[in-house]
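Single-letter residue listing:
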Amino acid sequence: MPAYNTPDLHRAGFARTNRQTIQQRAALLRELLPETRSIAELCCGDCAAQWQIYREALPGLTFCGLDVAPAIVAANRAAGVPCVCGDALDPTVLAQFLGYDVIFFGPPLSAGCDGHRGLAFDAVQPGYVAFSNLLLGELRYGGTLVCIGPKTTHMGAIRGLYDHIRARRDDFGLRLIQHSHATVTGAGMPTESRLKYVELWFSNRLPDTWEARRSGPAAPETLAAYGLIGAQP
Ligand SMILES: C[S@@+](CC[C@H](N)C(=O)[O-])C[C@H]1O[C@@H](n2cnc3c(N)ncnc32)[C@H](O)[C@@H]1O
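If you're wondering where the values come from, they're calculated on a predicted model, not measured in any experiment.

> Hey, could you run me through the overall build of the protein chain in this one?
A tally of regular secondary structure across the protein chain gives seven helices and eight strands. Split into buried and exposed, the 233 residues of the protein chain put 51% on the buried side. Total accessible area on the protein chain is roughly 10,300 Å²; 55% of this is exposed by carbon and sulfur atoms.

> Even after reading the chapter, I still don't get the pattern of salt bridges, so can you show me in this structure?
Working definition: two side chains of opposite charge can pair if their charged atoms are close together. By the definition in use, this model includes ten salt bridges. With its nearest N and O atoms 2.7 Å apart, the salt bridge here joins glutamate 199 to arginine 25. Here the residue glutamate 199 occupies a position in strand β7 (residues 190–203), and arginine 25 occupies one in helix α1 (residues 19–32), the gap between them amounting to 174 residues. With its nearest N and O atoms 2.8 Å apart, the salt bridge here joins glutamate 192 to arginine 194.

> Would you take a moment to explain the site of the ligand for this structure?
Close contacts around the ligand come from 22 residues, with Thr17, Cys43, Asp67, Ala88 and Gly106 the closest. In the model, an oxygen atom of the ligand is placed 3.4 Å from a nitrogen or oxygen of the glutamine 50 side chain. A distance of 3.2 Å is found between a nitrogen atom of the ligand and a backbone nitrogen or oxygen belonging to valine 68. Here the ligand loses 97% of its free accessible area of 590 Å² to cover by the protein chains. Taken atom by atom, the bulk of the ligand overlaps the largest pocket. Among the residues making up the shell around the ligand, the classes are represented as twelve nonpolar, seven polar and three charged.

> Help me understand the confidence of the model for the protein chain in this model?
The predicted coordinates of low-pLDDT regions are not to be read in fine detail. Across the protein chain, pLDDT averages 91, with 90% of residues at or above 70. The low-confidence segment residues 228–233 (pLDDT under 50) makes seven contacts with residues lying over four places distant or belonging to another chain.

> Is there a simple way to think about the side chain of arginine 175 in this case?
Looking at the secondary structure, you find arginine 175 in strand β6 (residues 173–184). The residues touching arginine 175, leaving out its near neighbours within four places in the chain, are Leu32, Trp201, Leu206, Pro207, Thr209, Trp210, Glu211 and Arg213.

> I tried to follow the pairing of β7 on my own but got confused; where do I start?
The two faces of the sheet receive side chains in turn, since in a regular strand these alternate between them. For β7, the buried fraction is high: ten of the 14 residues fall into the buried class. Pairing of strand β5 (residues 144–150) with β7 involves seven bridges; the strand directions are antiparallel. The residue bridging leucine 145 from the neighbouring strand is phenylalanine 202, located in β7. As defined by bridge partners, β6 adjoins β7 across ten bridges and the pair is classed as antiparallel. Looking at the pairing, alanine 182 lines up with arginine 194 of β7.

> Can you walk me through the layout of surface pockets in this structure?
Any empty space left between the atoms is revealed when a probe the size of a water molecule rolls over them. Reported here for the largest pocket is a volume of approximately 1,100 Å³. Lining of the largest pocket is provided by 46 residues; of these, Ala15, Leu109, Ser110, Gly115 and Tyr197 occupy positions nearest its centre. Looking at the lining of the largest pocket, the elements that each hand over two or more residues are β2 (62–67), β5 and β7. Examining the composition of the lining of the largest pocket, we find that four residues originate from one element, β7, more than from any other. Classifying every residue of the lining of the largest pocket by side-chain character gives 21 nonpolar, 16 polar and nine charged.

> I tried to follow the sheet that holds strand β8 (residues 211–215) on my own but got confused; where do I start?
Strands pair in a sheet through their backbones, by hydrogen bonds, and they do so in one of two ways: parallel or antiparallel. Strand order in the open sheet formed by eight strands is β3-β2-β1-β4-β5-β7-β6-β8, and the pairing between neighbours is mixed. The sheet terminates laterally at β3 (83–85) and β8, the two strands that pair on one side only. Neighbour-to-neighbour, the strand axes of this sheet turn through a mean angle of 20°, independent of strand direction. The strands that helix α5 (residues 128–138) touches are β1 (38–42), β4 (102–105) and β5; relative to β5, the one it contacts most, it runs at about 175°.

> Explanation requested: helix α2 (residues 48–57) in the structure shown.
Two residues of an α-helix separated by three or four positions point the same way, owing to the 3.6 residues in each turn. Among all positions in α2, only Ala49, Gln50, Trp51, Ile53, Tyr54 and Ala57 are buried. Buried positions along α2 lie against α1, β1, β2 and β4.

> Explain the packing of α1 against α2 here, please?
Helix packing geometry: the angle between the two helix axes and the distance between the axes. Contact geometry for α1 and α2: axes closest at 9 Å, N-to-C directions at 30°. In terms of axis orientation, α1 runs roughly parallel to α2. As α1 packs across α2, the resulting crossing turns out to be right-handed. Counted together, Arg19, Ile22, Gln23, Arg25, Ala26, Leu29 and Arg30 of α1 and Ala49, Gln50, Gln52, Ile53, Tyr54 and Ala57 of α2 form the full contact between these two elements. Taken together, the residues of the contact of α1 with α2 sort by class into seven nonpolar, three polar and three charged.

What counts and how
Residues numbered from 1 in each chain as written. Predicted model: local features only at pLDDT ≥ 70, side-chain atom pairs only at ≥ 80, totals over all residues. Heavy atoms only, no water. Helix = DSSP H or I, 4+ residues; strand = E, 2+ residues; numbered from the N terminus. Buried < 20%, exposed > 50% of the residue type's maximum accessible area, 1.4 Å probe, protein only. Areas by Shrake-Rupley, 256 points an atom, 1.4 Å probe, with all protein chains shown as cover. Salt bridge = Lys/Arg side-chain N within 4 Å of Asp/Glu carboxyl O. Near = heavy atom within 4 Å. Polar contact = N/O pair within 3.5 Å; in protein donor to acceptor, adjacent residues only side chain to side chain. 1 Å grid on protein atoms, 1.4 Å probe; cavity = no way out; pocket = protein on both sides within 12 Å on 5 of 7 lines; lining within 4 Å. Sits in = over half its atoms within 2 Å of the grid points. Nonpolar A, V, L, I, M, F, W, Y, C, P; charged D, E, K, R; others polar. pLDDT = per-residue confidence, 0-100. Contact = heavy atoms within 4.5 Å. Pairing = 2+ DSSP bridges. Points joined across faces, edges and corners; volume = space filled by probe spheres on them. Axes fitted to C-alpha atoms, helices over the stretch in contact; angles between N-to-C directions. Parallel < 35°, antiparallel > 145°, perpendicular 65-115°, else oblique. Left-handed = near helix turned anticlockwise from the far one by under 90°.

This is the structure we're talking about:
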């Protein structure tokens with residue numbers, strides 16, 4: 001098995017998704033996919049917040065995490081979160097998620113999952129191309145795949161992944177490019193507004209519209225980029 005990035009549980013600060021970003025995803029699910037009955041969180045890390053917030057937004061939801069690190073799985077289970085242990089690039093492991101309406105794929109975006117040494121889109125492991133080849137190309141998943149990309153994700157990388165997916169599944173499109181901004185860290189510490197993730201919502205249940213959205217309070221650099229300095233976020 002390749003040497004994957006796994007968190008050091010003894011470090012309180014290992015990377016986890018902040019609650020504002022998760023709340024934004026829950027709002028998008030209610031808007032775009034209100035019939036969602038099951039969500040899988042792959043490369044889940046500490047996903048207690050996802051489990052709580054998604055179920056509040058979609059009562060009766062079935063949720064399950066997947067992580068390659070046994071200690072992470074044990075910690076999630078101890079918190080009551082359904083979670084299985086395995087490699088997201090293992091076909092046997094991934095096959096158990098084919099019945100889920102929505103799959104969030106959130107591989108480590110920093111070296112050692114420390115949340116600081118950020119990785120570029122193409123350096124992320126397990127990679128988006130290898131994962132989508134397996135899930136969509138080989139296992140023929142039908143539903144919505146949300147690839148959680150680093151904040152540095154650019155249109156060239158998005159186009160490349162889209163073309164890769166379309167070459168294998170011309171029924172899949174890119175519904176949304178979501179720029180998630182937040183004013184809290186994964187550990188809940190307040191910060192100025194920051195662009196945290198670029199999420200790519202691929203689906204064969206939603207139109208191929210490539211809509212670009214920004215959620216959360218806009219970071220200064222985004223306002224500048226859109227020439228909106230001085231405007232209300
Ligand atoms: C630290 S978390 C951060 C991202 C997480 N999706 C979140 O939302 O917070 C990333 C997790 O991916 C797990 N991981 C790394 N490689 C993996 C693989 N090949 N299959 C499954 N999990 C993996 C790591 O053990 C780690 O817990």
